Amino acid sequence: MHRLSSPVAHALIPVAALIGIAFALYQWYLVSKIKVSVDNQTHENGNGNVNGENGIHEMEEGVDGLDVRKKCAEIQEAVSIGANSFLFTEYKYLGYFMTAFAVVIFLFLGSVHNFSTHKKPCAYDESKLCHSPVANAVFSCIAFILGALTSVLSGYLGMKIATYANARTTLEAQKGVGPAFIVAYRSGAVMGFLLASLALLVLYIAINVFKLYFHDDWEGLYDSITGYGLGGSSVALFGRVGGGIYTKAADVGADLVGKVERNIPEDDPRNPAVIADNVGDNVGDIAGMGSDLFGSYAESSCAALFVASISSFGINHEFPAMMYPLLISSMGIIVCLITTLFVTDFQKLTTIKDIGPALKNQILFSTVLMTGGVALVTFVTLPVHFTLFDFGREKHVKNWHLFFCVCSGLWAGLVIGYTTEYYTSNAFQPVKDVANSCKTGAATNVIFGLALGYKSVIIPIFAIAVAIYVGFALAAMYGIALAALGMLSTIATGLSIDAYGPISDNAGGIAEMAGMPHNVRETTDALDAAGNTTAAIGKGFAIGSAALVSLALFGAYVSRVGLDTVNVLNKKVIIGLLVGAMLPYWFSALTMKSVGSAALKMVEEVRRQFNEIPGLMEGTAKPDYATCVKISTDASIKKMIAPGALVMVTPLITGTFFGTETLAGLLAGALVSSVQVAISASNSGGAWDNAKKYIEAGASEHARLLGPKGSEAHKAAVIGDTIGDPLKDTSGPSLNILIKLMAVESLVFAPFFKAHGGLFFK
């Protein structure tokens, strides 16, 4: 088989990215054909139907179609304005942070050689002169800002797409489950393909622009490009934490007062926190999640590129082989496009029972197709034999070794996804057991939910362990970086099914607030229940890939600072291990308390309005939504600072004052501890949520015995769901960013720590 030439490799990456962007825009165009606003072309016939471009069907309870459209448009606008307002406020403060931290990067890295502008000998050939030390500082700053801006764009685009699609999904739910599912999934695909394609395209352009300065100094180039991953994850951390605090403060406040105390339905328009709750779905589950997975992709790519640059690919300047990680991502976009067409154009979904299998098949089909795609890329890109860096030694590798490295991560992701579904979907016994425990009250519900979360850790950890062993055995740290990329290679599909969930959740809220018939709410609830499971699967992918990414970055850091081994019996290492293992608990304490204190204010405000606004409970007066939105916004902006600072400052303090070995121990301890806590927290929360929905739906005899809404078992389920909210949407998802961010930050600042670190031990 002929190997890929450099010009062809140069062309394939941007072409794949542009195809992904074009496909996303096409999906957006299809969604936009569903009109929400009432225009002159929309007219009402004698039977009360609204017949326009989309032919909305007659509603069973005689609700005026024109009025429903108007209400949907108003609610959509309110949610969109709230989400826009929060994100602009958050991004304003993040702009200050990005500027300040870019200066820190320049000062730390520039001081390594006293801001020298003199060129130094090249690593690949000491007879040649390469870039000056200060250039590394400057280009690392540029890469950091570029990564941060791309992460901001990823989150913002995701939010805009979700707020654009929610009301359209509600209107299509009048036609049945099939049309509503297609709209929600197409909208999720817009986000999935835009983000995956933009991340690939921006990184590719950055590499080629940086190459204009670095020329043949590939080690210097890819050393500087690691700042791209740091910028992406820095924004993702604040986006996840801030968005998570926002959404869960509103959700907890709305549920505790609305459902438990006042016994009104979820998303009832009388509830003052209902708009803030729906805004939170977009800024937390959509914008935060988009930035998070962008950060994972950027870091795994940067880790793989850096390790390759100090191996034979970089030393011999083999461009197609060097671009192997980006070509894998390019193939992933094409594979995900094919699988998306299957569910949107070729498969007809007619019943509620078809939703779960349709989403699950997306993961399976993309994994199977991607396996063939990886084989093709591997054998046309890589030489048959080559050498890789292995902590000061050379490891002789064959091209098929890298095929198995990528596939180990790819299939580990599938195992994690299916395991997460088993433990969080109400179609399986674990969630039914949690629901059944609600018969005896909230305490037993909490006990069962915690046990489920702890047990759900077992299989994903074994899957990650197998991927690590295969990757390291076949291709050292480069193999682990490729395993992470393999898990993220189908990121477009993963994001599509992940974004589908919050869009469906918002659609249900709009249906309730607009007073739409019961059958519409049943349809949106079924979409939302499947969305809860897909969101849990998405979190599982994010956590699993974060473990592999952070381990690859850890290996790059260890090689960068010149450590041959990390000895756990060394006193410097073991204190780092203990402190690192403690960090996820400290971080979770900060985020959980932030949600709790914000929710406390929200509960008090919702109670005040119910008590003081005459006619609110009867539906004759409107609640003050704006005050609740302001409570969530203010709390999230203030409370995201402490957890963010903990993650950003800890590696700097550890490396500067305690040295490279202690920092290595810290990274290892944080990695091992955070993965377990993150998986258990996310799955416990997801199980509690779906146990509540299982009782509410009453789809089986067992569920009907526990219900209906308002029963003691249902109230216990709501309390469990409320406890799980900050676990699954704030603390759990943020922990995967903690381990990635600390690892990539340590890698970026590694030259400073190597030159000046360990002040206390000196």
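My aim in this report is to walk through the structure given alongside it, one point at a time. None of these values were measured; they are calculated from a predicted model.

**Regarding the pattern of salt bridges**
Working definition: two side chains of opposite charge can pair if their charged atoms are close together.
Then, number 1: Counted under the stated rule, the structure contains 25 salt bridges.
Then, number 2: A salt bridge links arginine 240 to aspartate 292, with the nearest nitrogen and oxygen atoms 3.3 Å apart. A residue pair is termed long-range when its members are at least 10 positions apart, and arginine 240 in helix H5 (residues 218-261) and aspartate 292 in helix H6 (residues 274-309) qualify at 52 residues. A single burial state applies to arginine 240 and to aspartate 292, both of which are buried.
Then, number 3: The residue lysine 740 makes a salt bridge to aspartate 292 at a minimum N-O spacing of 3.0 Å. Of this pair, lysine 740 sits in helix H22 (residues 712-748) while aspartate 292 sits in helix H6, and the two are 448 residues apart along the sequence. Comparing lysine 740 with aspartate 292 shows no difference in burial state: the two are buried.
Then, number 4: Each of Lys248, Asp251, Asp528, Asp689, Lys692, Lys693, Asp721, Asp725, Lys728 and Asp729 takes part in one network of salt bridges that share partners.

**Concerning the layout of surface pockets**
Then, number 1: Estimates place the volume of the largest pocket at around 1200 Å³.
Then, number 2: Lining the largest pocket are 39 residues, and of these Ile352, Asn426, Ala526, Ala529 and Ala697 lie nearest its centre.
Then, number 3: With 11 residues, helix H16 (residues 518-560) is the largest single contributor of residues to the lining of the largest pocket.
Then, number 4: Within the lining of the largest pocket, the residues separate by chemical class into 19 nonpolar, 7 polar and 13 charged.
Then, number 5: Of the voids in this model, the second largest pocket is the one considered here, and its volume is about 590 Å³.
Then, number 6: Considering the residues around the second largest pocket, the lining is formed by 22 residues, among which Ile75, Pro269, Met513, Lys622 and Tyr625 are closest to the centre.
Then, number 7: Among the elements of the structure, helix H2 (65-110), helix H15 (491-513) and helix H18 (625-639) are those that each provide at least two residues to the lining of the second largest pocket.
Then, number 8: Residue contributions to the lining of the second largest pocket peak at 6 residues, all from H2.

**Here's the deal with the packing of aromatic side chains**
Then, number 1: The full count for this structure, using the stated rule, is 28 aromatic pairs.
Then, number 2: Ring geometry for phenylalanine 88 against tyrosine 156: centres 5.8 Å apart, planes inclined by 55°, an arrangement best described as tilted. One end of the pair, phenylalanine 88, is in helix H2; the other, tyrosine 156, is in helix H3 (residues 133-172), with 68 residues separating them in the sequence.
Then, number 3: Ring plane angle 90° and centroid distance 5.1 Å describe the contact between phenylalanine 658 and phenylalanine 760, whose orientation is recorded as edge-to-face. Taken together, the residues span a long stretch of sequence, with phenylalanine 658 in helix H19 (residues 641-658) and phenylalanine 760 in the segment after helix H23 (750-756) at a distance of 102 residues.
Then, number 4: Residue class for phenylalanine 760 comes out exposed when judged on its relative accessible area of 56%.

Criteria and cut-off values
- Per-chain numbering applies: the sequence of each chain, read as written, is numbered from 1 onward.
- Per-residue local features are limited, in this predicted model, to residues with pLDDT of at least 70; the limit for side-chain atom pairs, both in listing and counting, is 80 or more; totals at the level of whole chains, interfaces and linings are taken over all residues.
- Based on all heavy atoms of the structure, the side-chain values leave hydrogens and waters out of the count.
- Throughout this description, the term salt bridge denotes a Lys or Arg side-chain nitrogen within 4 Å of a carboxyl oxygen of Asp or Glu.
- Secondary structure elements are taken from DSSP: a helix is a run of H or I of four residues or more, a strand is a run of E of two residues or more, and numbering for both begins at the N terminus.
- Residue burial is assigned from relative accessible area. The probe radius is 1.4 Å, only protein chains are included, and a residue is buried under 20% of its type maximum, exposed over 50%, and partly exposed in between.
- The method works on a 1 Å grid over the protein atoms by themselves. A cavity is a set of points holding a 1.4 Å probe that cannot get out, a pocket is an open set with protein on both sides within 12 Å along at least five of seven lines, and residues with an atom within 4 Å of a point line them.
- Grid points are joined across faces, edges and corners, and a volume is the space filled by probe spheres set on the points.
- Throughout, the ten residues Ala, Val, Leu, Ile, Met, Phe, Trp, Tyr, Cys and Pro are labelled nonpolar, Asp, Glu, Lys and Arg are labelled charged, and all others, Gly among them, are labelled polar.
- By convention, a stacked pair of Phe, Tyr or Trp rings (six-membered ring in the case of Trp) has centres within 6.5 Å and planes under 30 degrees apart, an edge-to-face pair has planes over 60 apart, and any other such pair is tilted.

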